Amino acid sequence: MKRVTGIGGIFFHAKDPVAMRAWYQRHLGIPVLEWGGAAFTWTDEAGRPTGGTTIWSVAARTEDSNFAPDKNFMINYRVDDLAALLQALRDEGCNVVDRTDDSEYGKFGWVIDPEGNKVELWQPPPGQ
C-alpha cells in the first residue's frame, strides 16, 4: 500500500533523530536516505517529473540551531487512501487519533509520533 505521497516541505528537530527517522520510514513509508532525509520529486497531473524536489529532514537538537526559537508543529502529509493507512498504522501499534474529518477539502486523520508530535494525514478530494 502506498502511504505518504508528498509533503509541503519540512525540517525539524528530534531528541533521537535516528529513532525518529526509523519510525517515519517504517510506519509512514517515507524513503529515508543515508543522509537522514528524503527528497520527493515534483510531478505534474500525469505523474511526469517537473524538475523539482521537496526535502524532508530530521536533525538532532543543538544549542546553535538555525531553527531558533523551536516551535511546536504539525506536519501535513498527502496520502492516497486515508482509511487503509490509518488501519495499517493501528495494526502496527501506532497511536492513531480516533477522530477523522471529511470535508470539501478532503479527508483528514492523525497519528502521534514517538515524541508526541501530532502528524496530519490528508487524502485530497477526487481529482486533486
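Residues numbered from 1 in each chain as written. Predicted model: local features only at pLDDT ≥ 70, side-chain atom pairs only at ≥ 80, totals over all residues. Heavy atoms only, no water.

A. Local environment of the pairing of strand S8 (residues 106-112). Buried residues dominate S8, accounting for five of its seven residues. In the sheet, strand S6 (residues 95-96) pairs with S8 via two bridges, with the strands oriented antiparallel. Looking at the pairing, Val96 lines up with Val111 of S8. In this structure, the hairpin formed by strand S7 (residues 101-103) and S8 is closed by a connection of two residues. Inspection of the sheet shows S8 paired to strand S9 (residues 118-123) by six bridges, in the antiparallel sense. The partner of Phe108 across the bridge, within S9, is Trp122. The turn joining S8 and S9, which pair antiparallel and follow one another in sequence, is formed by five residues; a positive phi near 85 degrees is taken by Gly116. (Buried < 20%, exposed > 50% of the residue type's maximum accessible area, 1.4 Å probe, protein only. Helix = DSSP H or I, 4+ residues; strand = E, 2+ residues; numbered from the N terminus. Pairing = 2+ DSSP bridges.)

B. Examining helix H1 (residues 17-28) more closely. Counted at 1.5 Å a residue, the expected span for H1 with its twelve residues is 16 Å, and the 16 Å between its end C-alpha atoms agrees. Taken together, the buried positions of H1 are occupied by Pro17, Met20, Trp23, Tyr24, His27 and Leu28. Down the axis of H1, the buried set is contained in an arc of 120 degrees. They therefore lie on one face. Exposed residues on H1 whose side chains face more than 90 degrees from its buried face are Val18 and Arg26. Where H1 ends, the next residue or the one after it, Gly29, has phi of about 75 degrees, a positive value. (Expected span 1.5 Å × (residues − 1). Arc of directions from axis to C-beta.)

C. Summary view of the nonpolar core. With 26 residues, the main nonpolar core has Tyr24, Leu28, Ile30, Trp56, Tyr77 and Leu121 as its most contacted residues. Mapped onto this core, the elements with two or more residues apiece are strand S2 (10-14), H1, strand S3 (37-43), strand S4 (49-60), strand S5 (75-79), helix H2 (82-91) and S9. When near neighbours in sequence (up to four residues on either side) are disregarded, Tyr24 contacts Phe12, Gly29, Ile30, Trp56, Ile75, Tyr77, Asp113 and Val119. (Core = buried A, V, L, I, M, F, W, Y, C linked by side-chain atoms within 4.5 Å. Contact = heavy atoms within 4.5 Å.)

D. Quick peek at the environment of Lys2. Tracing the sequence through the fold places Lys2 in the segment before strand S1 (4-7). For the pair Lys2 and Leu85, spaced 83 residues apart in the sequence, the C-alpha separation amounts to 8.3 Å.

E. Structural context of the packing of aromatic side chains. Across all of its chains, the model carries three aromatic pairs by this definition. Pairing Tyr24 with Tyr77 gives two aromatic rings, centres 6.3 Å apart and planes at 45 degrees, and the pair type is tilted. Residue Tyr24 is located in helix H1, and its partner Tyr77 is located in strand S5; the two are separated by 53 residues in the primary sequence. Pairwise contacts between aromatic rings join Phe12, Trp23, Tyr24 and Tyr77 into one cluster. A cation sits over an aromatic face here: Lys118 above Trp110, 5.0 Å from the ring centre. (Phe/Tyr/Trp six-rings, centres within 6.5 Å; stacked < 30°, edge-to-face > 60°. Lys NZ or Arg CZ within 6 Å of the ring centre and 35° of its normal.)

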